[in-house]
Amino acid sequence: MQDYLNELNEQQRTAVTTEPGPLLVLAGPGSGKTRVLTHRIVYLIRELRVPPWHILAVTFTNKAAKEMAHRIENVLEGQPRGLMMGTFHATCARLLRMEADNLEGYGRDFVIFDTEDQLEAIKQALKDLNLDDKKFPPYKMRSGIGNAKNELITPEQYIASNYIAEVTKRLYARYQQILVANNGMDFDDLLMNVVTLFDRRPDILQKYQERFQHILVDEFQDTNTAQYGLLKRLTAVTPNIFAVGDADQSIYMWRGADYRNLNRFREDYPDARQILLEQNYRSTQVILDVAMEIIRHNRNRVHKQLFTEREGGEKVSVREAYDENEEAERITGAVQDLLLRGYSPGDMAVMYRTNAQSRALEEAFVRTGIPYRLVGATQFYRRREIKDVIAYLRVVHNSADAISLNRVINTPTRGIGSKTQEQLTAWAGQLAVQPADALIRLVIDPDVQHPFNGRAYNALHLFGQMLHAWRTVRDEATVGELLDLILEQTGFRDYIETSAKDDDDAHDRWANVMELRNVAAAADGVSLSDFLEQVTLVSEVDDLEEEPNRASLLTLHAAKGLEFPIVFLAGLEDGILPHSRSLDDVESLAEERRLFYVGITRAMDRLYISHAFRRLGYGGWDVAVPSRFLQDLPADLVEGGSAQQRRQQTKTKASSWEWSSSSAGSSSWSTSRPSPTPATPRRTTTAAAKPEKALPTPNYLRTGIADDDHEADTPAPPKTARYKTGQKVRHAKFGAGTVIESKTTGNDEEVSVAFPEYGIKRLAASFANLEILD
DNA sequence: GGATCTCATGTTTTT
DNA sequence: CATGAGATCC
């Protein structure tokens, strides 16, 4: 009868069947935490006879929520009615939809402001306060305000300890007024407002305390103060809180998450039981050992001794590529190899630190024709054309949303410039109505007094008519129909076609709009209000189309919670995987390490790590320093030699470098071996980066660390090409050849040379050591 | 008032 | 390098 419990190991079963009360599950990667959560919910419903509506399960991503819903459905053969499950933000939004009337200044039809809307509001606030947006960059101010909200600090409580804080405090207050005036809440408000509501209205708090008698939290280490505060209030009377987390996978500190909430939990719920899940069902022992060795270097952590029944396993491969393009090519080459060996594209994932890295990878995948999907890069709902269309819907939905009105009133351009917009705002102020409603007044009341000249009036009137028409059909039409009407009346397609850079761009952007239209059309029976909420709170495209069997390209952050048989971690370089902005702070550095740990532990069978010798910075090429984390890899579990050896090899090969061969990638990962005659290990990372002869050290070979003294005054390499088309040159390996083309790239020179026997090679001048034959 | 160009500037991760 | 904002030009 309890067959679903048999699928669990002892610790898991203990967690699932523990009696209600506070429980902390410390779950290592791959230890089945989702399984524990879902089974716990099933257990509560089936065994303890808890009505589903007494259960609240919160996650951090929509993906996790969906996954959980899916699994529960499988076990229970149907979705339990009334079970509340979703992200913190979505849950709070739902709650506020019911209760916002009890919040001063807000109504239930509030809109959710995303990051971009926030910036607009902050710019407005800066203007209102006569502050210079150069001195107080909106995005920085936004994070200041956001941090305060995450800590549940109101503008009044904000401590102005210095000038910038004093400005932030004032700005925060003004910003908040603007939000309220727009009946808008930003992401942080969703959480904070619920807490505020609970604190002001004990009766409402009590209502939800009674409703949510069992609360489950996924990824507990990612909670911030506001979220923790929320949980604490809800469980104050009945502390049935089932929290699952792993401090080693805390990667969201930058957004206010604080894994120390795990400690607070132990203090705040002294009776809490604690269960450790260390058995891993995902990776080979080799991968786990590597992961543990990496994470071990972080201080102040509780070690989890991960183990699996999958003993042994393939060693982790580490390779250095010449640059990011070659790195990408080697990865796709290895992918092709693996495809031949029976893996499918869907088994593989390439993970990286920053979205910018996806470019080279994507190009390589396109070139090789391997099906791939790019997860979340330019987030669908943040694309300009999508935001535009959504802004239209928002204006139709909510007159108070002046931010959205500003966005669309002249997009596409229709002769309503900034001056006219100012007049409109002023005029609406006089009428004491929202600008959007003032426009409608212009349409329905022909005799109304207004300050506009003929041209402006016509333009405004025309727009007002459209808005009026949309408003009229709003409640009868489906979201899809409304959207069609808007697209048609605004001539949106024309707008996209005329404003796009080129045909491809126009095509893509229109395709995006149509994608949104499809989403809207599919959301049959969903109210406009709900539709807008979903659209703002759902970031991933995964709702749109679940791409079958494609390799995934994704950031390490996006990879959390996922697993793949084959994982590639690209760009393991100082400044990228420990990200440059985290190098001088111990805590951030520890978080970068956890990010690496998360990446490693996504892999089931095989892990490939790569870094490049040089990488395109913002401008030219920079020499990359292998990630400091790589030094911590256990040598006996890694194949590919030390960082020094790899670099030595890169340099040896670089003298005969070539990009063109597409087969180079596939063999290089599997056949290249660590140099048989390893150079005397040297500690410095810049060691031996000097070409022999008398060539000047190219700038890109220098790092911030000072080299030998005499190099400091070596002149920079010539900016102009040293090699000219038609010139005869000699290469150590390829022999004599003719220069076809030469161009400078950054501080180096890229020479294409035709060799009679070897064909055309593209060579990096600083390495190729070409002898000019005249 | 609007569109185009240039210059400057600023670069992580996302609910 | 890419995007965005500002100035300039139409």
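Keep in mind the model is a prediction, meaning the values are calculated, not measured.

**Quick word on the sheet that holds strand β7 (residues 241-245)**
Step number 1: Judged by pairing direction, the sheet is parallel, and its 6 strands sit side by side in the order β3-β2-β6-β7-β1-β8 without closing on themselves. A single partner strand is all that each edge strand has here, and the edge strands are β3 (84-87) and β8 (273-277). Shown here is a sheet whose adjacent strand axes are inclined to one another by a mean of 15 degrees, direction ignored.
Step number 2: The pairing of strand β1 (residues 23-27) with β8 spans 5 bridges and is parallel.

**Thoughts on helix α10 (residues 202-211)**
Step number 1: Along α10, the residues classified as buried are I204, L205, Y208 and Q209. Buried residues in α10, looked at end-on, bunch into an arc of 140 degrees, giving them a common side.
Step number 2: Residues of α10 that are buried make contact with α5 (88-99), α9 (187-200) and α11 (225-234).

**Notes on unusual backbone geometry**
Step number 1: Backbone torsion omega between T411 and P412 reads -5 degrees, so that peptide bond is classified as cis.
Step number 2: In this structure, P412 sits in the loop between α17 (402-408) and α18 (418-431).
Step number 3: Of note, the phi angle at L152 is positive, near 65 degrees, even though the residue is not glycine.
Step number 4: Mapping L152 onto the fold places it in the loop between α7 (138-150) and α8 (163-181).
Step number 5: Phi at N300 is positive, roughly 55 degrees, even though this residue is not glycine.
Step number 6: Considering the arrangement of structural elements, one finds N300 in the loop between α13 (285-295) and β9 (316-323).
Step number 7: Judged by relative accessible area, N300 falls into the exposed class, the value being 81%.

**Regarding the nonpolar core**
Step number 1: Counting residues in each nonpolar core, the largest one holds 63 residues, and the members touching the most others are L190 and F198.
Step number 2: Not counting residues within four places of it along the chain, the set of residues in contact with F198 comprises L95, I204, L205, Y208, L230, R233 and L234.
Step number 3: Among the nonpolar cores identified, the runner-up in size contains 48 residues, and V395, F463, Y495 and L532 belong to it.

**Here we look at the pairing of strand β13 (residues 564-569)**
Step number 1: Of all 6 residues in β13, 6 are buried; the element is thus mostly enclosed.
Step number 2: Bridging between strand β10 (residues 348-352) and β13 involves 4 bridges; their strand directions are parallel. Within the sheet, the bridge partner assigned to V350 lies in β13 and is F568.
Step number 3: Where β13 lies against strand β14 (residues 603-616), 5 bridges are found, and the strand directions are parallel. Bridged to L569 within β14 is I609.

**A short note on the packing of aromatic side chains**
Step number 1: Enumeration according to the criterion identifies 17 aromatic pairs in this entry.
Step number 2: Taken together, a centroid distance of 5.9 Å and an interplanar angle of 15 degrees make the contact between F596 and F629 stacked. Residue F596 is found in helix α26 (residues 586-600), and its partner F629 is found in the loop between β15 (621-623) and β16 (638-639); the two are separated by 33 residues along the sequence. Grouping residues by exposure puts F596 and F629 together as buried.
Step number 3: One aromatic cluster is present, built from ring pairs that chain together F220, Y228, F265 and Y269.
Step number 4: Above the face of the F110 ring, R97 is positioned so that its terminal group lies 4.0 Å from the ring centre.
Step number 5: Looking at R255, its charged tip hangs above the ring of Y252, at a distance of 4.3 Å from the centre.

Each value, and the rule that gives it
Residues numbered from 1 in each chain as written. Chains lettered and ligands numbered in written order. Predicted model: local features only at pLDDT ≥ 70, side-chain atom pairs only at ≥ 80, totals over all residues. Heavy atoms only, no water. Pairing = 2+ DSSP bridges. Helix = DSSP H or I, 4+ residues; strand = E, 2+ residues; numbered from the N terminus. Axes fitted to C-alpha atoms, helices over the stretch in contact; angles between N-to-C directions. Buried < 20%, exposed > 50% of the residue type's maximum accessible area, 1.4 Å probe, protein only. Arc of directions from axis to C-beta. Contact = heavy atoms within 4.5 Å. Core = buried A, V, L, I, M, F, W, Y, C linked by side-chain atoms within 4.5 Å. Phe/Tyr/Trp six-rings, centres within 6.5 Å; stacked < 30°, edge-to-face > 60°. Lys NZ or Arg CZ within 6 Å of the ring centre and 35° of its normal.

Interpretation note: all reported values are geometric properties and have no functional meaning in isolation.
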